[in-house]
Amino acid sequence: MKKKMISTILALSMVTAVLTGCSGSGSGTAATTAAKADTTTAAEAATTKADSADDSGKTLTIGFSQVGAESDWRTANTESMKSTFSAENGYNLIFDDAQQKQENQITAIRNFIQQEVDYIVLAPVTETGWDTVLQEAKDAGILVIIVDRMVNVSDDSLYTAWVGSDFELEGQKAAEWLNSFATAKGIDPKSLNIVDIQGTIGASAQIGRTKGLQDAVDKYGWNLLEATTGEFTQAKGQEVMESMLKSYDNINVVYCENDNEAFGAIDALEAAGKTVGSDIANGEVMVMSFDSTKASLTDVLSKKITLNTECNPLHGPRVEDIIKALEAGQTVDKKKYVDESIFAVDDTVKSVTVDGNSYDVTVVTQDVIDQRAY
Ligand code: GYE
């Protein structure tokens, strides 16, 4: 709460800085920077040093619309963006937390346009519903970079570049691992009774991970008892798991679409007297998850989570690379996927193959956890 208030105050003073100093178009120029220096505000003063550190001598103002603070992944992502786009590194970052609401993101983008930021960075809550506001940004001549989840727009020129994860591949990796694991343990595919605690419906991370599972259910003949959203939060993950446990007494695999849902699901399972683990044949309930934060890998080490498919949140430097390339007049990839790992409780499955590509499985040890940055 305290943190949020401070960033709001900072954002407001930055707005003042931009409004007093920048009257030209969204793309800043040396002249604009000079004009800004003449009308220094508190926020400007804080960035004067950064100005000189920047080779081009210009401070870039970045408006970043963040989804919210729903998960540990998101916290790590916010931290990565804030530490990359810091005053020390030569940026004015206007950060907006949309609290998982698209309408708040649309309002934030409109504010960024009014403030004539140099770039808009959007981490969209869902894929659809962006055409109008991104057209407004385009009309204002402001470049938009999409990070993390994808947007689904009728005109691809409404954004300049996207960087994030291949969420369907993540789901496929997890499902192929489950198939190989069940086969290795001699488990009849028809005896797998799976529930899917989905992410925020309509978010790329949900769409891809749900599809990866659903396709494998169709292919291998597993039972998918239910798929319900847990909104990527621990509280909702727990609530959904509790209600699933009331509806079914034969669940043996819980496919959680992120770590925080898995934490909630584990609490609910244990409160219901279940043992979480990989020994399905002897009544344990297997928990699978995505993200691979430090806390969740600790749960893999203690055998509460059996498989964790990585989703890397450290996008700050990746977005900065795109902006630096654009500033240097270079062209950038329209879409860029991040390489990601798979973490398991043991080496029953050493690698998984998806679309002819093989991905190694890493067995979690304390060393692996210690090396994690988030
Ligand atoms: O997996 C989840 C977060 O979009 C990849 O959103 C992101 C997902 C991530 O809340 O923890």
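Draft legend 1. Region of interest: the overall build of the chain. Counting secondary structure elements, the chain contains 13 helices and 14 strands. A buried classification covers 54% of the 374 residues belonging to the chain. Carbon and sulfur atoms make up 50% of the accessible area of the chain, which totals about 15,700 Å².

Draft legend 2. Just helix α6 (residues 131-139), in detail. Among the residues of α6, those classed as buried are V133, L134 and A137. Across the axial projection of α6, the buried residues extend over an arc of 95°, all falling on one side. Among the exposed residues of α6, those oriented more than 90 degrees off its buried face are T132 and D139. Tucked inside the fold, the buried residues of α6 contact α5 (102-114), β3 (119-122) and β4 (143-147). Backbone geometry just after α6 places G141 at a positive phi near 75°.

Draft legend 3. Spotlight on the pairing of strand β1 (residues 60-66). Counting buried positions along β1 yields seven of seven residues, so the element is predominantly enclosed. Alternating positions in β1 separate into two faces, L60, I62, F64 and Q66 on one and T61, G63 and S65 on the other, with burial throughout. Here β1 runs beside strand β2 (residues 91-97); their pairing, made up of seven bridges, is parallel. Within the sheet, the bridge partner assigned to F64 lies in β2 and is F95.

Draft legend 4. Structural context of the site of the ligand. Taken together, 13 residues sit near the ligand, with E70, R149, R209, N258 and D291 positioned nearest. A distance of 2.9 Å separates an oxygen atom of the ligand from a polar atom in the side chain of S71. Side-chain polar atom of R74 to an oxygen atom of the ligand: 3.1 Å apart, as the coordinates give it. For the ligand, the protein covers 100% of the area, taking 300 Å² as the surface of the free molecule. Elements supplying a minimum of two residues to the shell around the ligand: α4 (72-84) and α8 (204-220).

Draft legend 5. Representation of the sheet that holds β4 in the model. Ordered by their spatial adjacency, six strands build an open sheet running β2-β1-β3-β4-β5-β11, and the pairing between neighbours is parallel. Two strands bound the open sheet, and with one partner strand each, they are β2 and β11 (335-337). Across the sheet, the axes of successive neighbouring strands diverge by a mean angle of 20°, strand direction being ignored.

Draft legend 6. Up close: the side chain of T293. In this fold, T293 is placed in the loop between β9 (286-291) and α11 (294-301). A relative accessible area of 3% means that T293 is categorised as buried. Leaving out residues up to four positions away in the same chain, T293 has contacts with D72, W73, D259, F263 and Y374.

Draft legend 7. Focus on the sheet that holds strand β12 (residues 342-344). Ordered by their spatial adjacency, eight strands build an open sheet running β7-β6-β8-β9-β10-β12-β14-β13, and the pairing between neighbours is mixed. The sheet is open, and its two edges are formed by β7 (223-229) and β13 (351-354), each paired on a single side. The average undirected angle you get between the axes of adjacent strands in this sheet is 20°. In the sheet, strand β8 (residues 253-256) pairs with β9 via three bridges, with the strands oriented parallel. Across the sheet, residue V253 finds its bridge partner in β9, namely M286. Running at roughly 155° to β9, helix α7 (residues 167-184) makes contact with β6 (193-198), β8, β9, β10 (307-310), β12, β13 and β14 (357-363) of the sheet. This element, helix α9 (residues 234-247), spans β6, β7 and β8 of the sheet and lies at about 150° to β6.

Draft legend 8. Structural detail: the packing of α7 against α8. α8 packs onto α7 with a crossing angle of 35° between their chain directions and a minimal axis gap of 7 Å. Note that α7 runs across α8; the crossing there is right-handed. On α8, the residues touching F167, E168, E170, G171, Q172, A175, E176 and N179 of α7 are S204, A205, G208, R209, K211, G212, L213, D215, A216, K219 and Y220. Across the contact of α7 with α8, the residue classes tally to six nonpolar, six polar and seven charged.

Draft legend 9. Focus on the packing of aromatic side chains. Considering all chains together, one arrives at six aromatic pairs under this definition. Plain terms: the ring middles of F85 and Y91 are 4.8 Å apart, the flat faces sit at 75° to each other, and that makes the pair edge-to-face. Accessibility assignment for this pair places F85 and Y91 in one class, buried. On the numbers, 4.7 Å between centres and 20° between planes, the contact of W177 with F181 is stacked.

Draft legend 10. Summary view of the side chain of E170. Among the secondary structure elements, E170 is positioned in helix α7. Using a relative accessible area of 1% as the deciding quantity, one classes E170 as buried. At 2.8 Å, the side chain of E170 forms a polar contact with the side chain of R209. If near-sequence neighbours (up to four positions away) are discounted, E170 is found in contact with S165, R209, F290, T309, E310, C311 and E340.

Draft legend 11. A look at the environment of G316. Topologically, G316 is positioned in helix α12 (residues 316-327). Taking the C-alpha atoms as reference points, G316 and S80, separated by 236 residues in sequence, lie 4.9 Å from one another. Apart from the residues lying within four places of it in its own chain, the contact partners of G316 are S80, M81, T84 and F85.

Parameters at a glance
Residues numbered from 1 in each chain as written. Predicted model: local features only at pLDDT ≥ 70, side-chain atom pairs only at ≥ 80, totals over all residues. Heavy atoms only, no water. Helix = DSSP H or I, 4+ residues; strand = E, 2+ residues; numbered from the N terminus. Buried < 20%, exposed > 50% of the residue type's maximum accessible area, 1.4 Å probe, protein only. Areas by Shrake-Rupley, 256 points an atom, 1.4 Å probe, with all protein chains shown as cover. Arc of directions from axis to C-beta. Contact = heavy atoms within 4.5 Å. Pairing = 2+ DSSP bridges. Near = heavy atom within 4 Å. Polar contact = N/O pair within 3.5 Å; in protein donor to acceptor, adjacent residues only side chain to side chain. Axes fitted to C-alpha atoms, helices over the stretch in contact; angles between N-to-C directions. Left-handed = near helix turned anticlockwise from the far one by under 90°. Nonpolar A, V, L, I, M, F, W, Y, C, P; charged D, E, K, R; others polar. Phe/Tyr/Trp six-rings, centres within 6.5 Å; stacked < 30°, edge-to-face > 60°.

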